[in-house]
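So the chains spell out like this:
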Amino acid sequence: MAAFAAILRKDLRVEIRSGQSTIALFALSLLIMVVLVFALNPQPMDRARDGAAALWVAMVFAGMLGATRSMIAENDNGCLRALTLSPIDPAALYGAKLAAAFAFMAIVEVAAVALITLFFNLEFGADLARLAPSLMLGTLGFAALATLLAAISSRTRAGDLILPILAIPLFIPAIIAGVKSSESALSGFPLAASSQWLGILIAFDVLFITLGALLFEHVIRED
Amino acid sequence: MAKPAVETRALTKTFGVTPVLRNVAMLIDAGACAMVIGGNGSGKSTLLRILAGLSQPTSGDAIVFGENSRSLAAARRRIGMLTHQSWLYPNLTARENLEFYGELYGLTHREELATKWIDAVGLAASSNDRVREFSRGMEQRLSIARAMMMGPDLLLLDEPFAALDPAGVAIVGDLIRAAIARGCTALITAHSPLELGVDIARYEISNGRVIPMRDELRPRSRMGA
């Protein structure tokens with residue numbers, strides 16, 4: 001637990017100091033929103049559906065960028081090797097990288113929710129609060145998957161290209177569940193109406209976090 | 001005879017079809033100092049990475065404090081390593097870097113230890129500067145501090161004097177001698193033979209083979225069978 005806390009604290013300190021990941025994620029989210037608003041030209045009756053879709057598109061692409069940058073930071077000066085040699089549990093390292101990626105994505109999503117509210121003419125209020133469970137569960141699952149895959153891709157020459165190719169197909173079921181539950185929330189339905197979709201997101205979170213904790217040691221080990 | 005700290009048995013490593021290490025058999029007794037000398041790309045760094053468990057041998061074994069390097073457990077804590085990469089975070093200060101690694105190793109009194117080691121490598125005036133502002137030589141000094149502050153029983157030092165000015169060479173030389181004096185085993189790589197003022201068993205690495213240098217006294221380190 002001490003190693004988990006130390007690595008997470010280090011990642012947050014570095015990010016607060018540089019702001020690189022958060023600024024990049026926010027800028028990417030903003031651009032995605034702008035492109036989608038012009039591309040979809042949302043009509044009043046479709047705003048909830050289009051807003052939910054835009055939010056998840058932004059989350060997935062910003063999440064990939066965030067996870068990649070997090071692992072690139074560990075590869076700077078070979079620091080990942082130092083962590084591998086140290087007596088820490090690889091699962092604690094994975095947990096800390098996941099927690100950091102989740103924190104960065106969550107900060108950006110708060111901004112993204114504000115952006116879709118503006119761009120898609122949604123109302124601030126209870127509907128947005130009902131978005132929180134699906135967004136948090138989706139973010140956690142995607143951070144878990146992207147952290148594991150970013151560790152793989154960061155060790156390959158074309159890592160930036162490989163990550164989306166690996167991550168998006170694996171995350172599609174969660175994206176469907178997330179968009180459906182978010183659309184339900186933005187349409188004003190109670191949380192219970194999307195319980196099946198939330199259940200799928202929880203199952204994905206459990207699956208990806210477990211896989212990550214078990215596989216991370218093998219992923220970061222060199223040949 | 002002292003128990004070996006490091007032993008390799010028919011250790012071979014290939015990258016693709018290119019052999020880098022061929023049937024390396026070495027024994028380094030606990031508390032001994034050995035030096036592997038070779039040119040660029042001769043396999044020195046690969047040998048150290050395998051001993052630290054950071055890279056897997058293609059065949060053969062490397063045994064460190066009785067543990068196979070393929071699955072180092074308790075022995076990992078006993079290794080201090082210096083590589084061509086500094087293993088330092090550019091956006092953290094020198095002090096923050098050392099305290100971070102100290103926390104990973106469960107060290108108590110991390111602030112005092114960080115101060116002690118930053119002073120020891122002559123970086124007291126820069127302890128609160130970010131590493132990204134450091135010169136290569138300053139990074140090398142701080143990397144030495146990082147490797148030594150855990151009190152390792154085995155030092156794997158890949159060209160420890162690279163990029164250092166004469167003052168840095170003297171400081172790092174003193175630190176290595178002090179570590180050996182307290183019983184630490186050291187395996188050092190270099191491009192050419194170095195004098196450290198201690199008994200050193202020198203080996204040459206060439207074409208993937210590690211052989212003792214001619215006329216070399218090897219009082220506490222020896223080639224394996």
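See above for the structure.
Residues numbered from 1 in each chain as written. Chains lettered and ligands numbered in written order. Predicted model: local features only at pLDDT ≥ 70, side-chain atom pairs only at ≥ 80, totals over all residues.

1. Some remarks on the overall build of chain A
As a reminder of what qualifies: The helix and strand labels rest on DSSP assignments: H or I over at least four residues marks a helix, E over at least two residues marks a strand, and numbering proceeds from the N terminus. Radius of gyration here uses only the C-alpha atoms, and the compact-globule reference equals 2.2 Å multiplied by the residue count raised to the power 0.38. Here, residues touch in the contact sense if the C-beta positions derived from the backbone fall within 7 Å of one another.
Within chain A, the secondary structure is distributed over 8 helices and 0 strands. When the helices and strands of chain A are listed from N to C terminus, the series reads α-α-α-α-α-α-α-α. Relative to the 2.2 N^0.38 estimate, which gives 17 Å for 223 residues, the radius of gyration of chain A is 18 Å and therefore close to what a compact globule would have. Along the first, second and third principal axes, the C-alpha atoms of chain A reach 55 × 30 × 30 Å. Here the contacts in chain A between residues at least 6 apart in sequence split such that 85% fall between residues at least 24 apart.

2. A word on helix H1 (residues 2-18) of chain A
All names here are of chain A. Formally: Helix span, expected: 1.5 Å multiplied by one less than the number of residues in the helix. A residue is called partly exposed when the number of other C-beta atoms within 10 Å of its own lies between 12 and 20, exposed at 12 or fewer, and buried at 20 or more, with C-beta atoms placed from the backbone. Directions from the helix axis toward the C-beta atoms define the arc.
Here H1 spans 24 Å end to end across 17 residues, near enough to the 24 Å set by a 1.5 Å rise per residue. Those residues of H1 not exposed but buried are Ala 3, Ala 6, Ile 7, Lys 10, Asp 11, Val 14 and Glu 15. Along H1, the residues classed as buried sweep out an arc of 160° about the axis, all on the same side. In H1, the exposed positions angled more than 90 degrees off the buried face are occupied by Ala 2 and Ile 16. Where H1 ends, the next residue or the one after it, Gly 19, has phi of about 65°, a positive value.

3. Here's the deal with the interface of chain B and chain A
In this complex, chain B contributes 22 residues to the contact, which on the side of chain A involves 20 residues. Secondary-structure elements contributing two or more residues to the side of chain B that touches chain A are strand E6 (79-82) and helix H2 (94-104) of chain B. Of the residues forming the side of chain B that touches chain A, the biggest block, 3 residues, is contributed by H2 of chain B.

4. Side note on the environment of Leu 21 of chain B
Residues and elements named next belong to chain B. You can see Leu 21 is positioned in strand E2 (residues 18-29). Overall, the presence of 26 C-beta atoms within 10 Å leaves Leu 21 in the buried class. Taking the C-alpha atoms as reference points, Leu 21 and Gly 39, 18 residues apart in sequence, are found 14 Å from one another. Residues in contact with Leu 21, not counting those within four places in the same chain, are Leu 11, Thr 12, Lys 13, Gly 43, Thr 46, Leu 47 and Gly 208.

5. Some remarks on unusual backbone geometry
All names here are of chain B. Positive phi is not limited to glycine here, since Phe 65 has a value of about 50°. When the 20 C-beta atoms within 10 Å are taken as the criterion, Phe 65 is described as buried. The residue Glu 159 is not glycine, and still its phi comes out positive at about 50°. As for its placement among the helices and strands, Glu 159 is situated in the loop between strand E7 (154-158) and helix H5 (166-181).

6. Digging into the sheet that holds strand E9 (residues 201-206) of chain B
Strand pairing in a sheet relies on backbone hydrogen bonds. The paired strands run either parallel or antiparallel. Residues and elements named next belong to chain B. Formally: By definition, two strands form a pair when at least two bridges between them are found by DSSP. Think of each axis as a best-fit line through the C-alpha atoms, taken over the contacting stretch in the case of a helix, with angles from 0 to 180 degrees between the N-to-C directions.
Strand order across the open sheet formed by 6 strands is E6-E7-E8-E3-E9-E10, with mixed pairing between neighbours. Across the chains shown, the open sheet's two edge strands, defined by having one partner strand only, are E6 and strand E10 (209-212). Direction aside, neighbouring strands of the sheet carry axes that sit 20° apart on average. In this sheet, strand E8 (residues 185-190) lies alongside E7 in parallel orientation, the contact comprising 5 bridges. Note that in E8 the partner of Leu 156 across the bridge is Leu 187. Packing of helix H1 (residues 44-51) onto the sheet brings it into contact with strand E3 (33-37), E6, E7, E8 and E9, and relative to E7 it is tilted by some 155°.

7. Digging into helix H2 (residues 20-40) of chain A
All names here are of chain A. Spanning 21 residues, H2 covers 30 Å between terminal C-alpha atoms, matching the ideal 30 Å at 1.5 Å per step. Listed in full, the buried residues belonging to H2 are Ser 21, Thr 22, Leu 25, Phe 26, Ser 29, Ile 32, Met 33 and Leu 36. Projected down its long axis, H2 carries its buried residues within an arc of 130°, all on one side. More than 90 degrees from the buried face of H2, the exposed residues found are Ile 23, Val 35 and Phe 38. The inward-facing, buried residues of H2 abut H1, helix H3 (47-75) and helix H5 (90-119). A positive backbone phi angle near 45° is found at Asn 41, which sits one or two residues after H2.

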